[in-house]
Amino acid sequence: MAATGGVPRAIRRVLKGRACAAAISLLGPQRFLSTSFKASDLQIEMSRHPKPKPDPGKLIFGKHFTDHMLTVEWTQENGWSKPQIKPFQSISIHPASSALHYSVQVFEGMKAFRGPDKHVRLFRPMLNIERMLRAALRACLPPFDKAELLQCIRQLVHVDRDWVPYSDAASLYIRPTFIGTEPSLGVAKSTHALLFVILGPVGPYFTTGSFNPVSLLADPRFVRAWVGGVGDCKLGGNYGPTIYVQSEAAKAGCQQVLWLYGDDHQLTEVGTMNIFMFWKDQQGDLELVTPPLNGIILPGVTRQSLLDLARKWGEFKVSEKVITMTDFIRGLEENRVKEVFGSGTACVVCPVNKIFYQGKHYHIPTMENGPEIARRFLKELTDIQYGRVASDWAQPV
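Figured I'd write up the structure that's included with this text. (Residues numbered from 1 in each chain as written. Predicted model: local features only at pLDDT ≥ 70, side-chain atom pairs only at ≥ 80, totals over all residues. Heavy atoms only, no water.)

1. Some points on a nonpolar patch on the surface
Stated formally: By definition, no residue in a patch forms a salt bridge, and every one has over 30% relative accessible area; like charges are joined within 9 Å, nonpolar side chains (Val, Leu, Ile, Met, Phe, Trp, Tyr) within 5 Å. Only the protein chains shown count as cover for residues, and all accessible areas are computed by the Shrake-Rupley method using a 1.4 Å probe. Any Lys or Arg side-chain nitrogen found within 4 Å of a carboxyl oxygen on Asp or Glu counts as a salt bridge. Helix and strand definitions follow DSSP, with helices as H or I runs of at least four residues and strands as E runs of at least two, each counted in order from the N terminus. Accessible area is worked out with a 1.4 Å probe on protein chains only. A residue is then buried under 20% of its type maximum, exposed over 50%, and partly exposed in between.
Residues Tyr102, Leu185 and Val187 make up a contiguous nonpolar surface patch of about 320 Å² in total accessible area. Residue placement: leucine 185 occurs in the loop between strand E10 (171-180) and strand E11 (192-202). For leucine 185, a relative accessible area of 55% corresponds to the exposed category.

Right, dumping it as structure tokens:
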């Protein structure tokens, strides 16, 4: 930002004629806040104690972390600081920080993949960055430049590139996180915040494996999100309360939760995944259907990618519409339901073979039908992610 006497050129253009010099004199030297951090200002401190890399075949999701992390601090008084890549370490924050008391926190989940050509790629990363910015603004956290954050993440992945598994069954998970560090117990907009990114090599998300079916508990007593809330944002407060319901699902012999909404028991999400159903509609036409983005559904990157692929194929109807349990059960009883599966960054595509609802187990013939569509989605998506098929969705680091 060019300036004279600390006054930006934009203000000088507004102040014309003889008043210009006088106004600048009255304003005096000014310190203008940084409205976003810059990747060109990135400071890098390399770890002196690199850790051994885990066996890619024995990875447990979320338990291993790389040697470095990215941090950027923000204050209302000074704006954004310079971004830093530094050795992975614990974070020290004030015990009254708003993230700890009021869940002023947003996060993202994305991945880097190593292809057979040994190159490392990110999968549609800007969709994650855009979603994170929307969530940050909803949590009254400060805005940032999306392209600058993405470039900082690229640099972090490049620094820890040796941690990206040499495996087509594993990847490097990327967890950008943005927290309010306001040192006050007042429920108010944060004047202090911290954005950080950590990385870790991961294998399959579910202990059942990468493409084994899961069973679901559908209990209308429990609601994940509601209209007018923040179900469409990746906020930490959306996830903590689901742990109890997940334990209830386990007690019922199920691996995951099918979240229902409303008096008509609309299907919304599966655990932390978006849900898809492939069936014949009441007119007998093949249709891929997923719930619409109505404010209670997280706009998943994998969800969008499956919709984009299906529409590109052009072989069946692709719909985003409300599905109720009544619709679903009728479809099962009439043998119209072919496949049900979840989608997400962590699992990619996960088939569903059973739902426990109102005291009854409903078998879904997903695996008996191949599952043709779910497997096809998984293959085409992972071929792109690992660089086996060229696509602008996979961006080199």
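So much for the structure itself; the text now carries on.
2. Re the pattern of salt bridges
In this structure the tally under the stated criterion is 16 salt bridges. A salt bridge links glutamate 320 to arginine 311; its shortest N-O distance comes to 2.9 Å.

3. Here we look at the pairing of strand E12 (residues 214-218)
Stated precisely, the cut-off is as follows: In this description, strands pair whenever DSSP reports at least two bridges between them. For a crossover, the right-handed case is the one in which the path from the first strand over the helix to the second runs clockwise, viewed with the strands pointing away from the viewer.
Most of E12 sits inside the fold, with five of its five residues counted as buried. What you see with E12 is no split at all: Val214, Leu216 and Ala218 on one side and Ser215 and Leu217 on the other are buried throughout. Sheet analysis places E12 next to strand E19 (residues 348-357), joined by five bridges and oriented parallel. The residue of E19 that forms the bridge with leucine 216 is isoleucine 355. Where E12 lies against strand E13 (residues 256-261), two bridges are found, and the strand directions are parallel. Each residue of the ladder has a partner; that of leucine 217, found in E13, is valine 257. This β-α-β element, E12 to helix H6 (residues 242-251) to E13, shows right-handed connectivity.

4. Some remarks on the environment of proline 165
Put simply, the test is: Residues count as neighbours in contact if any of their non-hydrogen atoms are within 4.5 Å of one another.
As for its placement among the helices and strands, proline 165 is situated in the loop between helix H5 (146-159) and E10. In this structure proline 165 comes out as buried when scored by relative accessible area, which is 6%. For the pair formed by proline 165 and valine 187, sequence separation is 22 residues and the distance between their alpha carbons is 43 Å. Once you skip the residues sitting within four places of it in the chain, proline 165 turns out to touch Pro56, Leu59, Arg114, Ala170, Ser171, Leu172 and Pro201.

5. Description of the nonpolar core
Note the following rule: For the purposes of this section, nonpolar cores are sets of buried Ala, Val, Leu, Ile, Met, Phe, Trp, Tyr and Cys residues that join through side-chain atoms within 4.5 Å.
Counting 40 residues, the largest nonpolar core has Val106, Phe144, Leu149, Val157, Ile174 and Phe178 as its most contacted members. At the level of secondary structure, the elements contributing two or more residues to this core comprise strand E4 (68-75), strand E8 (110-114), strand E9 (120-123), helix H4 (125-138), H5, E10 and E11. In terms of residue count, the dominant contributor to this core is H5 (seven residues). Among residues more than four places away in sequence, those in contact with isoleucine 174 are Glu108, Gly109, Met110, Lys111, Ala112, Leu122, Ile153, Val157, Val197, Ile198 and Leu199. Within the second largest apolar cluster, 26 residues are counted, among which are Ala218, Leu260, Ile323 and Tyr357.

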